[in-house]
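# Analysis of the macromolecular model
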There are 4 protein chains.
Amino acid sequence: MSDTSRPVLAQMPAAVQAEVAATRERVARLHAELVRYELVIWTAGNVSERVRLESGSDAPELFVIKPSGVSYDELTPESMVVCTLDGTKIDDGTPDRLTPSSDTAAHAYVYRHMDDVGGVVHTHSTYATAWAARNEPIPCVITMMGDEFGGEIPIGPFALIGDDSIGQGIVETLRGSRSRAVLMANHGPFTIGSDAKDAVKAAVMCEDVARTVHIAHQLGGVVPIAPEHIDSLFDRYQNVYGQRAQDGKD
Amino acid sequence: MSDTSRPVLAQMPAAVQAEVAATRERVARLHAELVRYELVIWTAGNVSERVRLESGSDAPELFVIKPSGVSYDELTPESMVVCTLDGTKIDDGTPDRLTPSSDTAAHAYVYRHMDDVGGVVHTHSTYATAWAARNEPIPCVITMMGDEFGGEIPIGPFALIGDDSIGQGIVETLRGSRSRAVLMANHGPFTIGSDAKDAVKAAVMCEDVARTVHIAHQLGGVVPIAPEHIDSLFDRYQNVYGQRAQDGKD
Amino acid sequence: MSDTSRPVLAQMPAAVQAEVAATRERVARLHAELVRYELVIWTAGNVSERVRLESGSDAPELFVIKPSGVSYDELTPESMVVCTLDGTKIDDGTPDRLTPSSDTAAHAYVYRHMDDVGGVVHTHSTYATAWAARNEPIPCVITMMGDEFGGEIPIGPFALIGDDSIGQGIVETLRGSRSRAVLMANHGPFTIGSDAKDAVKAAVMCEDVARTVHIAHQLGGVVPIAPEHIDSLFDRYQNVYGQRAQDGKD
Amino acid sequence: MSDTSRPVLAQMPAAVQAEVAATRERVARLHAELVRYELVIWTAGNVSERVRLESGSDAPELFVIKPSGVSYDELTPESMVVCTLDGTKIDDGTPDRLTPSSDTAAHAYVYRHMDDVGGVVHTHSTYATAWAARNEPIPCVITMMGDEFGGEIPIGPFALIGDDSIGQGIVETLRGSRSRAVLMANHGPFTIGSDAKDAVKAAVMCEDVARTVHIAHQLGGVVPIAPEHIDSLFDRYQNVYGQRAQDGKD
């Protein structure tokens, strides 16, 4: 059943295989954070991570993503699916029935077009999706949001699954913003990061600020933060603190 | 004390007894999902599943349902009650004091009138019940809802317990909709599925979209999804993905 | 240090001591339900239960209540405080520093004036307290509320701690209602029951309907249930189902 | 790598070292309460406690605080950072890479200027931060708030991280209030207490009343409590009950 023209994981260099194994372990484990922070229900959310290759390696670029339709309780490192950057599963030793997440094409598009992205997360977390249903960006009115996102969390276009339109919408919207999160219209948030853990952190923070700013607006009269103060918060958090503590905020 | 005119489980063919035992185990376990997703409190929600019979079997049609007034912590496969499709408990080896859920008549009505339904769930989950208190259907404004329900989640009539009016309201409303969930007016959601797990998934998704769409409306200006896009989402999710991954969404 | 004029538990009949021990065990354990259903934080809520005596017993009437200022994690049967119906701790073998809950006077007043009450619960659960802050009864717009409370959950008067005014407000309000829950103005809910478990169930249900009805009202247009239908729901649930399954709702 | 001009913990008197060890244990453990009550996500909140010294001790004043960028799951007593009251880490045996929380300067300012403060907590808890985003104090409309805070929870000024302006804003606002909590504008709550546990209790209660009062206002018509009643509640809770049960409310 396997396609002999596709790269076969077992024939790749040992260093690549070891990196894939480590990535699978991380990606499997990080899904538990989506559950812990109540960003997902049933099987409706996914994490992926680009496999880090030695510079100069001629191995194909790969990423690891959740299998489709497997519940979070049952995820194991071995069940994580390995794909090339065109979004196709390679023969990675998992059973053929373990197909990659139905959002794989969107993840792959991001990896192909944003070289510095090492991890991608997609959820339908409640408050972020509510802003998305109104096609409304989340305004930056709390300092934590200035620290993390450097301004508003933008809205991406409405796009149907099935081709590259979701991936294109994510990439185009994020390129016009300092934010690591985008709310795809009527759909939900996608977040990016330097690795999967960083993208998960962005997903957790995105829902947290979506909720807090929503609740702030419920009683009216939210006070904006001046743009120069947002710049100051973002600059300090990303640069000054970035050198000392990698997942900094506390 | 047992009614000798009623079927007795212990005298049925071994294959039926084995299927009943497997169904009891599934139904008991699935109640834990209602608790996990916070769809129920105390004893206020129930799951049932139709017992699958070999085609051509002349055994009576049966379903398995939660006993009345037993807390979720104490549910065991053995305490699940076996009923015929008229909603009457058979002599199934459980003590006489274990009567079936007070909603049994509604479940039975659905099984009698919808042949393809294999599982039914009833809860009073918070957000779905809030829409029900306004007698207002949940509009389809997020893609997950298009995927799962193919449009709005409809309102069923107000009906009192005690006869077939709840069951009739469920069946009539669902027959006029693509949705697997109905909000009975001033009461709460009932969901159906191909089996009990599928109906539980529908109950989880129903509350999730009820919450997200509620929150979206709190700040006004929700953007609808075009009907042809809803058709496209539903068609793809039910058909294309349906062949690959049975509990698909991720 | 003990007051020799007060009854001393160790000198009471063995049957009373056994009943006190069983009551302590139940009351200690039921506080965990307040935590599980998120009705309380820190030490801010309490359960009590009247000690059941043989009819004709000449032992003094007693009830068991949470000690003041002890966190829910640390509660043990032995730390539960035994009081007479005037709200005074008896010499029950617990250290003198374990004083009864600061709400003991209100519980005692209810036991003195409502003979059929076997359990009392007080919380500051979020949604019920929000209705109380508006001095607004919770209208009966969902069937579960008709089943459990037979109509609206009423508001009691504003009363300060320190004398019998809280107890009086509870008793006067509940006597004019079918409800087992009262929202003391700007304070929070008190619930009663045939025993402590039944009062805890009323506290859980009170917060659940307070939340659901609040959320229903957030988007306007809640549809009332006709009074005769509320009567029918309450009557059936309390009488027909009451004979079959004591904690019925499912 | 250590700065020889800074005090070195290992050379301090044994009694100080023992007190530091006990404080580290308490501070590490109390962070779990922030998680339990859902006041924090990721690493975004911190607890500190002043080290209690014998009166007349000539040891430098110290406090213990969370390390920056370490997740709550990984906190241990040994990883807690020891600082002098100018907010500088001393050579306390922890690796150099464990720097104190980025909010350390604000904690230090409070300890320098408020002698009776033994503990400080900072979170971005959802509802309190929502009031802060509107620069709106939380009005005292429930008795629990009168008990705990003696009136409204005030708003502090907008202040950027990097100098003493956050600390100054906290101290100036709290000096003008009976409240142990202040909502720093567009930022989040800081709470103080006689020790770290007391400050954590204030953080838990602050979020609880922020949530309840928010929800009360959502449907309009909140009824205020008369100022003399607030005085009575606060006085009784702080004084009468204070002598009997230190963390009293129940």
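Shown above is the structure to which this text applies.
Residues numbered from 1 in each chain as written. Chains lettered and ligands numbered in written order. Predicted model: local features only at pLDDT ≥ 70, side-chain atom pairs only at ≥ 80, totals over all residues. Heavy atoms only, no water.

It is worth spelling out the pattern of salt bridges at this point. The full count for this structure, using the stated rule, is 63 salt bridges over all chains. The residue Lys201(B) makes a salt bridge to Glu148(B) at a minimum N-O spacing of 3.0 Å. Of this pair, Lys201(B) sits in helix α6 (residues 196-218) while Glu148(B) sits in helix α4 (residues 143-149), placing them 53 residues apart in sequence. Of the residues examined, Glu148(B) reaches a relative accessible area of 2% and is grouped as buried. A salt bridge links Glu33(D) to Arg36(D), with the nearest nitrogen and oxygen atoms 3.3 Å apart. Of the two residues, Glu33(D) and Arg36(D) both sit in helix α1 (residues 14-36), three residues apart, roughly one turn of that helix. A single salt-bridge network, built from bridges that share partners, covers Glu19(A), Arg26(A), Glu49(A), Arg52(A) and Asp195(A). (Salt bridge = Lys/Arg side-chain N within 4 Å of Asp/Glu carboxyl O. Helix = DSSP H or I, 4+ residues; strand = E, 2+ residues; numbered from the N terminus. Buried < 20%, exposed > 50% of the residue type's maximum accessible area, 1.4 Å probe, protein only.)

This paragraph deals with the relation of the copies chain A and chain B. The operation relating chain A to chain B is a screw motion whose rotation component is 90°, with 0.0 Å of axial translation and a residual RMSD of 0.0 Å. Seen this way, the second copy is the image of the first under a four-fold rotation axis. No C-alpha of chain A lies nearer the rotation axis than that of Gln218(A), which sits 5.2 Å from it. Of the residues that chain A buries at the interface, just 3% are likewise interface residues in chain B, meaning the two copies contact each other through different surfaces. (Least-squares fit on C-alpha atoms with pLDDT ≥ 70 in both. Contact = heavy atoms within 4.5 Å.)

For Asn46(A), the position within the fold is in strand β1 (residues 45-50). Side chain to side chain, Asn46(A) and Asp103(A) meet in a polar contact 3.0 Å long. (Polar contact = N/O pair within 3.5 Å; in protein donor to acceptor, adjacent residues only side chain to side chain.)

Tallying the contact residues gives 36 residues for chain A and 34 residues for chain D. For the pair chain A and chain D, the two sides together bury roughly 3100 Å², of which 61% comes from carbon and sulfur. Among the salt bridges present, the one from Arg36(A) reaches Asp73(D), with a minimum N-O distance of 2.5 Å. On the surface where chain A and chain D come into contact, there are nine residue pairs in polar contact (both at pLDDT 80 or more). Those elements that provide at least two residues to the side of chain A that touches chain D are α1 (14-36), α4 (143-149), α6 (196-218) and α7 (227-240) of chain A. Among the elements that take part in the side of chain A that touches chain D, α6(A) stands out by supplying 11 residues, more than any other. In the side of chain A that touches chain D, the residues fall into 17 nonpolar, eight polar and 11 charged. (Buried area = accessible area lost by both parts, 1.4 Å probe. Nonpolar A, V, L, I, M, F, W, Y, C, P; charged D, E, K, R; others polar.)

All names here are of chain C. Ordered by their spatial adjacency, seven strands build an open sheet running β3-β2-β1-β4-β7-β6-β5, and the pairing between neighbours is mixed. On the outer flanks of this sheet lie β3 (81-84) and β5 (155-156), each paired with one strand and no other. Strand contacts of helix α1 (residues 14-36): β1 (45-50), β2 (62-65), β3 and β4 (119-123), with the helix running at about 150° to β1, the strand carrying the most contacts. (Pairing = 2+ DSSP bridges. Axes fitted to C-alpha atoms, helices over the stretch in contact; angles between N-to-C directions.)

Turning our attention to the packing of helix α3 (residues 126-133) of chain B against α6(B). All names here are of chain B. Running from N to C, α3 and α6 cross one another at 65°; their axes reach a closest spacing of 7 Å. With respect to the hand of their crossing, α3 and α6 are arranged in left-handed fashion. Across the interface between the two elements, Thr126, Tyr127, Ala128 and Trp131 from α3 touch Cys206, Glu207, Ala210, Arg211, Val213, His214 and His217 from α6. A class-by-class count of the residues in the contact of α3 with α6 yields six nonpolar, three polar and two charged. (Left-handed = near helix turned anticlockwise from the far one by under 90°.)

Side-chain positions along a regular strand alternate between the two faces of the sheet. Residues and elements named next belong to chain B. Burial analysis of strand β1 (residues 45-50) places six of its six residues in the buried class, which makes it a mostly covered element. Side-chain alternation along β1 places Gly45, Val47 and Glu49 on one buried face and Asn46, Ser48 and Arg50 on a second face that is also buried. As paired elements, β1 and strand β4 (residues 119-123) share five bridges and run antiparallel to each other. Across the sheet, Ser48 pairs through a bridge with Val120, a residue of β4. Here β1 pairs with strand β2 (residues 62-65) via three bridges, running antiparallel. Within β2, the position partnered with Glu49 by the bridge is Val64.

With that settled, the discussion passes to a negative patch on the surface. Residues Glu38(A), Glu38(B), Glu38(C) and Glu38(D) make up a contiguous surface patch of negative charge. A relative accessible area of 59% means that Glu38(B) is categorised as exposed. (Patch = residues over 30% accessible without salt bridge, like charges linked within 9 Å, V, L, I, M, F, W, Y side chains within 5 Å. Areas by Shrake-Rupley, 256 points an atom, 1.4 Å probe, with all protein chains shown as cover. Lys, Arg positive; Asp, Glu negative; His and termini not counted. Charge placed at Lys NZ, Arg CZ, Asp CG, Glu CD.)

Turning next to the relation of the copies chain A and chain D. Between the two chain copies there is a screw-like relation: a rotation about an axis and a shift along it. Mapping chain A onto chain D calls for a screw motion: a turn of 90° about the axis and a shift of 0.0 Å along it, with 0.0 Å RMSD after fitting. Interface residue correspondence from chain A to chain D reaches only 3%, placing this contact among heterologous pairings that use different surfaces.

Once that is clear, we can look at unusual backbone geometry. Phi is positive for Trp42(A), close to 50°, though the residue is something other than glycine. By the element assignment, Trp42(A) lies in the loop between α1 and β1. The exposure class of Trp42(A) is buried, given its relative accessible area of 8%. Positive phi is not limited to glycine here, since Asn186(B) has a value of about 55°.

In spatial order, the strands read β3-β2-β1-β4-β7-β6-β5 (chain A); together these seven strands make up an open sheet with mixed pairing. Every other strand in the sheet has two partners, leaving β3 (81-84) and β5 (155-156) of chain A as the edge strands with one partner each.

All names here are of chain C. Evaluated as defined, the whole model comprises eight aromatic pairs over all chains. Judged by centre distance (5.0 Å) and plane angle (40°), the ring pair of Phe63 and Tyr111 falls under tilted. Separated by 48 residues along the polypeptide, Phe63 in strand β2 and Tyr111 in helix α2 (residues 104-113) bring together distant segments of the chain. Summarising the burial analysis for this pair, Phe63 and Tyr111 share the class buried. (Phe/Tyr/Trp six-rings, centres within 6.5 Å; stacked < 30°, edge-to-face > 60°.)

Below, the discussion takes up the side chain of Ser179(A). All names here are of chain A. Relative to the elements of secondary structure, Ser179 occurs in the loop between α5 (165-175) and β6 (181-184). With relative accessibility at 4%, the residue Ser179 sits in the buried group. At a separation of 2.7 Å, a polar atom in the side chain of Ser179 contacts the main-chain carbonyl oxygen of Ala181. Not counting residues up to four positions away in its chain, the partners in contact with Ser179 are Phe149, Glu152, Ile153, Pro154 and Leu174.

All names here are of chain A. Counting buried positions along strand β7 (residues 188-193) gives six out of six residues, so the element sits mostly inside the fold. Pairing of strand β4 (residues 119-123) with β7, which is carried by four bridges, proceeds in the antiparallel orientation. Following the sheet pairing, Gly119 is matched in β7 by Gly193. Sheet analysis places β6 next to β7, joined by four bridges and oriented antiparallel. Opposite Val182, over in β7, you have Phe190 as the bridge partner. Hairpin connection between β6 and β7: a loop of three residues separates the two successive antiparallel strands, and Asn186 in this loop has a positive phi of roughly 60°.

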